[in-house]
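Read off the chains here:
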Amino acid sequence: ELPNKNRLDVTGKIQIKLGEDVHFAGKGIKTDLAGDLEVQLNSKKIPTGQGVLKFNNASYQVLGQTLDISSGKMLFAGPLNNPELDVKVTRKVKDVTAGMFIEGSVKKPQTRVFSNPAMSDGNALSYLISGRPLNEASGSQNTLIAKAALSLGVDNSASLNQQIASTVGLDELNVGGGDEGLESTSLILGKYLSPKLYISYAYGLFSSAGTVGLEYQLTKKISVEAESGEAQAIDLIYTIERD
């Protein structure tokens, strides 16, 4: 290897035309690739590319579900490691077609759901993940749907979770994070059993650890909170209202 001061600077262009036996697997996507790409090399910079690669015979795997990619391509107009995505994922169930657009860059993809006929985003995502509407999905399937809204970064995931909660008769369905980052993120399901008694269940989306919580309002200012899971705890809460 030459010393840095004697290293040669190399620049150049490579024209690539993909044939019939080129495959890509990553970010849940498996596909054959076709298209043309011009790669620009510069020893002082990250290689860049110009061109479009199209997806053929493609599928997208998410939360154990393998979905069809009806159309897709990667658009290069900059660094090779961060092309733009233009992907349409679909699932057909009887007369309903549910799907998702995956757009933005590979490093920061953005997703949004759609359906034909038109329906709420919650039901569209439910059809996509479980193959049925929200009001027919099981408890475990509702958990997967809420997890999908979080892990896929679906637009309006908070409103989707509220749709799921109201459909299954809950007062709360939310996603909460702990102090340990994504690994401590939990799906929280809650229900008021009476005006004073609230019970909740927190399910770890990535650790599968479960915690049961109980809140009871003794008086206007005093409440009891109990928690049972990997650890047990009980707290007496006194609330002071300041003017």
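For clarity, every value in this text was computed on a predicted model and none was experimentally measured. (Residues numbered from 1 in each chain as written. Predicted model: local features only at pLDDT ≥ 70, side-chain atom pairs only at ≥ 80, totals over all residues. Heavy atoms only, no water.)

*Asks:* How would you summarise the overall build of the protein if you had to cite specific residues and measurements?
*Replies:* When you go through the protein residue by residue, the secondary structure sums to three helices and 14 strands. Out of the 243 residues in the protein, the part that is buried amounts to 30%. Sequence separation of at least 24 residues holds for 29% of the intrachain contacts in the protein that already meet a minimum separation of 6. Within the structure as shown, the protein displays about 15,000 Å² of accessible surface, and the carbon and sulfur contribution to it stands at 50%. (Helix = DSSP H or I, 4+ residues; strand = E, 2+ residues; numbered from the N terminus. Buried < 20%, exposed > 50% of the residue type's maximum accessible area, 1.4 Å probe, protein only. Contact = heavy atoms within 4.5 Å. Areas by Shrake-Rupley, 256 points an atom, 1.4 Å probe, with all protein chains shown as cover.)

*Asks:* Quick rundown of the nonpolar core? Include the residues and the values.
*Replies:* Ranked by internal contacts, the top residues of the largest apolar core, which has 32 residues, are F55, Y60 and I69. Those elements that place two or more of their residues in this core are strand 3 (29-42), strand 4 (48-62), strand 5 (65-79), strand 6 (84-93), strand 7 (96-105), helix 1 (121-130) and helix 2 (139-151). Beyond its immediate sequence surroundings of up to four residues, I69 is in contact with I29, F55, A58, S59, Y60, V87, K88 and V89. (Core = buried A, V, L, I, M, F, W, Y, C linked by side-chain atoms within 4.5 Å.)

*Asks:* Give me the confidence of the model for the protein: which residues, what numbers.
*Replies:* Of the residues in the protein, 72% have a pLDDT of 70 or more, and the chain-wide mean is 77. Within the protein, no element has a lower average pLDDT than strand 9 (residues 172-178), which sits at 58, and none a higher one than strand 6, at 91. (pLDDT = per-residue confidence, 0-100.)

*Asks:* Before we move on, could you go through a negative patch on the surface and cite the residues and values that matter?
*Replies:* Residues E215, E225, E227 and D235 make up a contiguous surface patch of negative charge. Within the element layout of this structure, E215 appears in strand 12 (residues 210-217). The exposure class of E215 is partly exposed, given its relative accessible area of 38%. (Patch = residues over 30% accessible without salt bridge, like charges linked within 9 Å, V, L, I, M, F, W, Y side chains within 5 Å. Salt bridge = Lys/Arg side-chain N within 4 Å of Asp/Glu carboxyl O. Lys, Arg positive; Asp, Glu negative; His and termini not counted. Charge placed at Lys NZ, Arg CZ, Asp CG, Glu CD.)

*Asks:* Describe unusual backbone geometry, with residues and values.
*Replies:* With omega at 5 degrees, the peptide bond leading from N116 into P117 counts as cis. Structurally, P117 can be placed in the loop between strand 8 (109-116) and helix 1. The residue K94 is not glycine, and still its phi comes out positive at about 55 degrees. Along the chain, K94 falls in the loop between strand 6 and strand 7. Classification of K94 as exposed rests on a relative accessible area of 77%.

*Asks:* Explain the packing of aromatic side chains residue by residue, including any values.
*Replies:* Enumeration according to the criterion identifies two aromatic pairs in this entry. Look at Y192 and Y198: their rings are 4.7 Å apart centre to centre, the planes differ by 55 degrees, and that puts the pair in the tilted class. (Phe/Tyr/Trp six-rings, centres within 6.5 Å; stacked < 30°, edge-to-face > 60°.)

*Asks:* Describe the pattern of salt bridges, and please don't skip the residues or the numbers.
*Replies:* With the rule as written, the count across this model stands at two salt bridges. Put simply, D36 and K17 hold a salt bridge, and the shortest N to O gap is 3.6 Å. With D36 in strand 3 and K17 in strand 1 (residues 11-17), the pair connects residues that are 19 residues apart, well separated along the chain. Judged by its relative accessible area of 37%, D36 is partly exposed. R112 serves as the salt-bridge partner of E103, at 3.4 Å between the closest nitrogen and oxygen. Taking relative accessible area as the criterion, R112 reaches 38% and is therefore assigned partly exposed.

*Asks:* Outline the side chain of T90, supporting the account with residue identities and numerical values.
*Replies:* Position of T90 among the secondary structure elements: in strand 6. Looking at T90, the relative accessible area reads 16%, which means it is buried. Dropping the residues within four chain positions of it, T90 is found in contact with L67, D68, S70, T97, A98, G99, F114 and L128.

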